[in-house]
Amino acid sequence: MHPLIRTILQRLALGGIALFAVSVVVFSALEFLPGDFATSVLGRNATPETVEAFRDELGLNLPPAERYLGWIGGVLRGDLGHSFAGRAFTPRAVSDIVLPRLANTLFLAAITAAIAVPVALLLGLMAALYRNTRFDRIVNAATLSTVAMPEFLVAYLVILVLAVKLPAFYAMSTLSPGMDLTEKLQAVALPVLTLSLVIIAHMMRMTRAAIIGVLASPYIEMARLKGVRPWRVILRHALPNALAPIVNVIAFSLAYLVVGVVVTEVVFVYPGIGQTMVDAVRNRDIPVVQACTLIFAATYILLNLLADIISIATSPRLLHAK
Amino acid sequence: MASDTGHLLEIRGLRIEGESDGQWSTLLHGVDLTLRRGEVLGLVGESGAGKSTLGLAALGHIRPGCRITGGSVRFDGIDLLALPESDRLKLRGSRISYVAQSAAASFNPAHALLPQTVETAVQHRLMPLQTARQVAVAQYRRLQLPKPDTIGTRYPHQVSGGQLQRVMTAMAMHCGPDLIVFDEPTTALDVTTQVEVLAAIREAVEARGTAAIYITHDLAVVAQMAHRIMVMRHGSLVEEAPTSAILAAPQEEYTRSLWAVRELVKPDQPSAAAPLMTIEGLDFSYGRNGAKALEGITLTIPRGRTLAVVGESGSGKSTLGRVIAGLNVPTAGRITLDGQSLPPALRLRSRDLRRRIQLVHQSADTALNPRQTVAELIARPLELFHRLRGRATAARVNELLDMIELGPRYADRLPSELSGGQKQRVNIARGLAAGPELMICDEVTSALDQLVQEGILRMLLDLQAQLGISYFFITHDISTVRAIADEVVVMNRGRIVESGPRAEVLSPPHHPYTELLLGSTPEMRPDWLTDVLAARKAGQQAES
């Protein structure tokens, strides 16, 4: 087998194992969550018998191993289970709650990534090319200050300037069914801007640092002595050898866009998966929390796996074995 | 555009300064250099003499952290220093090109060789891509590379060092430049590979009538290549003369000292009766099913004498040293120290056994902890093996510093405040501090300048006479063998091909591999390379 394929298969298997481990941890962690869903739904005045009956109905009295197998088996079949909340009236499938929200989150993440990643790469490459010039210093100072500010502050500043002082965009990003793409884009403009400001800094600085690290190599001096132009030195000679750390930080930023944007969602009242999870934790709606956590973990593992595979696949030593 | 004087390159009064730790120091003190068309100029000197700085200046390039404070560089009448960078780029690679010391580091690992070879021609629109490829393949063929039609599709890590160096020469010659700067192109290569690369470079340069600046620290090498030689030291010119004149009658004492090591010969001494160490039928392989890195090694290390182990890189010299040190565990065979059987693995050896065998690494730069002072570095084995404390340690450290000819004033310095030779002395002192009976010296002088090498070899000989230590001395350099060895072992591909007293091994009849090694060591006469090539050709014809 080609060593590259073998390495990729190894990584995939490791990713699978990691995902399984996470599912066990998620499940057991929620076991230790203080409080009880049945008590909190039925109120303090409910008789122990009623609570017990309710627990039986939810399956909470089965042994943990059995409940884990039931849950994970369902997940593997695409069934995330039923939400505890609302059971008193009509049972709601977890997927009905989570998936639309996930779609919203992915939409926001995709738009942000499509803008932030190219901008960050370009700024990083330019900062490396014109390092220690005024351009480099300004870009560095600007990105450092956006990353140093808490997200909610960035979000409010963005609202203050672009929705209040110069009312170009909406301060609230509520999505409603039947909006077409243009309307949706207008709605998410400010959260996209906020998130971009937050993630560009990391990616840009890593790009700059990785490229500058490679620029000290003898093959870069050689390229210059061959008369290669500065931009080509950066793009063709430095970038391919600096790809691994850059890809890793991009993967990390993309994962953050799915997993870590709850503050931004709250500020802009955006119906994303982060809010859903926070609500579910507050209501002790364990199936929803489990589903969200598993999705978050899978996102992290998948993106990091992808970054790993890309950095392995761009290493000529692995790609072209002796 | 022909210049008035007919000179291809004229450097006048060039001053370059370099910055380190905020201090500017002068690298070149107003150097003049003149090169005619088609002439090969040798630039010789120790490291830090400013050879590379001068060589790069011929391309109008200065390294980051350096600045030009005076003088001019005119190439074919063009003032390179006054030219805007974008115009200099057009000259580089096409009319003036560069061959770097380490081809392995100077090729971009992310791209195959052919696109790198043709890059200048294609980017500067000097040739269409198809033509450029054909020219490159023709160059590969001229430089006697194996499979010239397909070698360009390979990546740098897939090709040997000697081949890479020739590909780099092909790359430098690709656009038919007027001037090539060769910066120590064979320094990183084995002697046997060096001969091939030197021959290929010389032939290619002669065939096109290309002018060249050939930079090296090895006078014997440059004597084969250059019409004229400039000797440099501390950024200034020491001596300049035609090659034959400088070899026959060097005017300056410094020039003579450049071959100091070659004149050092250890007097013959009879070996003591009982050997210090014997090795019998030793095998070693990396990994459980790996190929054998060492096979059937049998040798004895005489007491109070030096056993030199010679061979090319990859011959298993260092691996054997690590086996003796206990770092590699052999798969078969037996080692005795002083008549007692020696446990193979380091963890099975008692502290006293570990003390008796010490390993000194090739590169003092990486072997010394940069955050420890000289005193801390040397004190560590004293505390570990001799349980010395406080004042006793300090006194012993000072004694050792005297023994390595540095003196107590170096005790509080950090490795970064020492020169390469001083670092290597500290590295040796650390080994001595343990009080060993056997010291494994792994290429300890290879990275050093000739004069510094001579100093360290003399010191090692003195220490041996005083302390009666045995050296297991790993080297690839025949002159070092002459200087230090009593017994010699020649290794090739993990086996011993010849062994015996130095005088026997170094005088005929030789094993064919020893013959090859000895024959590939450059000699101080301009016709050496021509003679070697002629002899090999004759040998090949006789065979076929």
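Residues numbered from 1 in each chain as written. Chains lettered and ligands numbered in written order. Predicted model: local features only at pLDDT ≥ 70, side-chain atom pairs only at ≥ 80, totals over all residues.

Description of the overall build of chain B
Each helix and strand in chain B was counted, giving 21 helices and 20 strands. Its C-alpha atoms give chain B a radius of gyration of 25 Å, near enough to 24 Å, the size a compact globule of 544 residues would have. In terms of overall dimensions, chain B has a C-alpha envelope of 75 × 60 × 45 Å along the principal axes. Within chain B, contacts between residues at least 6 apart in sequence are counted, and of these 70% link residues at least 24 apart. (Helix = DSSP H or I, 4+ residues; strand = E, 2+ residues; numbered from the N terminus. Rg over C-alpha atoms; globule rule 2.2 N^0.38 Å. Contact = placed C-beta atoms within 7 Å.)

Details of the interface of chain A and chain B
Listed by partner, the interface residues are 18 residues for chain A and 23 residues for chain B. It is helix H9 (residues 218-225) of chain A that provides the largest number of residues to the side of chain A that touches chain B, a total of five residues. Each residue belonging to the side of chain A that touches chain B can be placed in one class, and the counts come to seven nonpolar, five polar and six charged. (Nonpolar A, V, L, I, M, F, W, Y, C, P; charged D, E, K, R; others polar.)

Considering H9 of chain A
By the criterion of burial, H9 of chain A is predominantly enclosed, with seven of the eight residues buried. Burial in H9 of chain A covers these residues: Tyr219, Ile220, Glu221, Met222, Ala223, Arg224 and Leu225 of chain A. Looking at the buried side of H9 of chain A, the elements it contacts are helix H8 (181-215) and helix H10 (230-259) of chain A together with strand S6 (96-99) and helix H3 (103-106) of chain B. Once H9 of chain A finishes, glycine 227 of chain A follows within two positions and takes phi at roughly 85 degrees, a positive value. (Buried ≥ 20, exposed ≤ 12 C-beta atoms within 10 Å, placed from the backbone.)

Some remarks on the confidence of the model for chain B
For residues with low pLDDT, the predicted coordinates do not support detailed interpretation. All names here are of chain B. Residues with a pLDDT of 70 or more make up 98% of chain B, whose mean pLDDT is 89. Taken element by element, chain B is modelled with least confidence in helix H21 (residues 528-543), mean pLDDT 84, and with most confidence in S6, mean pLDDT 95. Interface scoring of the predicted complex returns ipTM 0.80; its pTM is 0.82. (pLDDT = per-residue confidence, 0-100.)

What to know about the nonpolar core
With 137 residues, the main nonpolar core has Ile213 and Tyr214 of chain B as its most contacted residues. Among the elements that make up this core, the one with the highest residue count is H8 of chain A (16 residues). Leaving out residues up to four positions away in the same chain, isoleucine 213 of chain B has contacts with Leu35, Leu41, Leu43, Gly55, Ala58, Val181 and Phe182 of chain B. Counting residues in each nonpolar core, the second largest holds 67 residues, with Leu282, Leu438, Met439 and Val490 of chain B among its members. (Core = buried A, V, L, I, M, F, W, Y, C linked by C-beta atoms within 7 Å.)

Remarks on the sheet that holds strand S4 (residues 66-75) of chain B
Here four strands make up an open sheet; going across it, the order is S2-S1-S4-S5 (chain B) and the pairing antiparallel. In this open sheet, the two edge strands, each paired with only one partner strand, are strand S2 (23-36) and strand S5 (78-79) of chain B. (Pairing = 2+ DSSP bridges.)

A short note on the UniProt feature "domain: ABC transmembrane type-1" (unreviewed entry) in chain A
Here, UniProt's "domain: ABC transmembrane type-1" (unreviewed entry) annotation points to residues 102-307 of chain A. Helix makes up 83% of residues 102-307 of chain A and strand 0%, with an end-to-end C-alpha separation of 22 Å. (UniProt positions renumbered as here; feature names shortened; annotations may be inferred.)

Some thoughts on the UniProt feature "domain: ABC transporter" (unreviewed entry) in chain B
Residue and element names in this part refer to chain B. If you check UniProt for "domain: ABC transporter" (unreviewed entry), the listed places come out as residues 11-259 and 279-518 in our numbering. Taken end to end, residues 11-259 is 37% helix and 28% strand, and its first and last C-alpha atoms sit 28 Å apart. Secondary structure across residues 279-518 comprises 40% helix and 24% strand; the distance between its end C-alpha atoms is 26 Å.

So, the domain arrangement of chain B
Residues and elements named next belong to chain B. The domains assigned to chain B are domain 1 (37-63 + 84-259) and domain 2 (277-373 + 419-517). For domain 1 and domain 2, the distance between their C-alpha centres works out to 34 Å. Of the residues belonging to the side of domain 1 that touches domain 2, the class tally is three nonpolar, four polar and two charged. (Domains from an automatic or database assignment.)

Looking at the environment of serine 253 of chain A
Residue and element names in this part refer to chain A. Relative to the helices and strands, serine 253 is located in helix H10. On the basis of neighbour count, serine 253 is assigned to the buried category, with 25 C-beta atoms found within 10 Å. Residues serine 253 and leucine 193, 60 residues apart in the sequence, show an inter-C-alpha distance of 15 Å. In contact with serine 253, not counting residues within four places along its chain, are Ile199, His202 and Met203.

Remarks on the pairing of strand S7 (residues 179-183) of chain B
Residue and element names in this part refer to chain B. Summarising burial for S7: five of the five residues are buried, a large majority. Burial of the side chains of S7 extends over both faces: Leu179, Val181 and Asp183 are buried on one face and Ile180 and Phe182 on the other. Where S6 meets S7, four bridges bridge the pair, whose relative direction is parallel. For tyrosine 98, the partnering residue across the bridge sits in S7 and is valine 181. With five bridges connecting them, S7 and strand S8 (residues 211-216) associate as parallel partners. Within the sheet, the bridge partner assigned to phenylalanine 182 lies in S8 and is tyrosine 214. A crossover links S7 with its parallel partner S8, the connecting element being helix H7 (residues 191-208), and its sense is right-handed. (Right-handed = clockwise from strand over helix to strand, strands pointing away.)

Some details on the UniProt feature "transmembrane region" (unreviewed entry) in chain A
On the UniProt side, "transmembrane region" (unreviewed entry) is annotated at positions that read residues 12-30, 106-130, 151-173, 185-204, 242-268 and 288-307 of chain A here. Between the C-alpha atoms that bound residues 12-30 of chain A the distance is 27 Å, and the span itself is 100% helix and 0% strand.

Regarding the environment of leucine 243 of chain A
Residues and elements named next belong to chain A. Here leucine 243 shows up in helix H10. Given 20 C-beta atoms within a 10 Å radius, leucine 243 is considered buried. Sequence separation between leucine 243 and isoleucine 312 is 69 residues; the distance between their C-alpha atoms is 10.0 Å. When sequence neighbours within four positions are dropped, the list of residues in contact with leucine 243 reads Ser311 and Thr314.

A closer look at the sheet that holds strand S10 (residues 236-242) of chain B
All names here are of chain B. Strand order in the open sheet formed by six strands is S6-S7-S8-S3-S9-S10, with mixed pairing between adjacent strands. Each edge of the sheet is formed by a strand with only one pairing partner; in this case those strands are S6 and S10. The average angle at which neighbouring strand axes cross in this sheet is 15 degrees, direction not considered. (Axes fitted to C-alpha atoms, helices over the stretch in contact; angles between N-to-C directions.)

Here's the deal with the pairing of strand S19 (residues 487-492) of chain B
All names here are of chain B. Burial analysis of S19 places six of its six residues in the buried class, which makes it a mostly covered element. With four bridges joining them, strand S13 (residues 306-310) and S19 adopt parallel strand pairing. Its bridge partner being in S19, valine 310 is matched across the sheet by valine 490. Pairing of S19 with strand S20 (residues 495-501) involves six bridges; the strand directions are antiparallel. Each bridged residue has a counterpart across the sheet, and for glutamate 487 the counterpart in S20 is proline 501. Taking the residues between adjacent antiparallel strands as the criterion, S19 and S20 are bridged by two residues, where arginine 493 takes a positive phi near 50 degrees.

Points about helix H7 (residues 151-165) of chain A
Residues and elements named next belong to chain A. Spanning 15 residues, H7 covers 20 Å between terminal C-alpha atoms, matching the ideal 21 Å at 1.5 Å per step. Remark: the principal bend of H7, roughly 30 degrees, maps to isoleucine 159. Those residues of H7 not exposed but buried are Glu151, Val154, Ala155 and Val158. Looking at the packing, one finds that the buried side of H7 touches helix H6 (134-148), H8 and helix H11 (262-268). (Expected span 1.5 Å × (residues − 1). Bend = angle between axes of the 7 residues up to and from the residue.)

Let's talk about the packing of helix H5 (residues 94-129) of chain A against H10 of chain A
Residue and element names in this part refer to chain A. Relative to each other, H5 and H10 sit at 150 degrees, their axes nearing to 10 Å. Like other packed secondary-structure pairs, H5 and H10 cross with a definite hand, here right-handed. Within the contact between the two elements, H5 uses Thr105, Leu106, Ala109, Thr112, Ala113, Val117, Leu125, Ala128 and Leu129 and H10 uses Pro230, Trp231, Ile234, Ile250, Leu254, Leu257 and Val258. In terms of residue class, the contact of H5 with H10 is made up of 14 nonpolar, two polar and no charged. (Left-handed = near helix turned anticlockwise from the far one by under 90°.)

Section: the packing of H7 of chain A against H8 of chain A
All names here are of chain A. With their axes 9 Å apart at the nearest point, H7 and H8 run at an angle of 135 degrees to one another. As the angle between them shows, H7 and H8 are arranged oblique. Judged by the sense of rotation from one axis to the other, the crossing of H7 with H8 is right-handed. Across from Glu151, Val154, Ala155, Val158, Ile159, Leu162 and Ala163 in H7, the residues of H8 making contact are Leu190, Leu193, Thr194, Leu197 and Val198. Its residues placed into classes, the contact of H7 with H8 shows ten nonpolar, one polar and one charged. (Parallel < 35°, antiparallel > 145°, perpendicular 65-115°, else oblique.)

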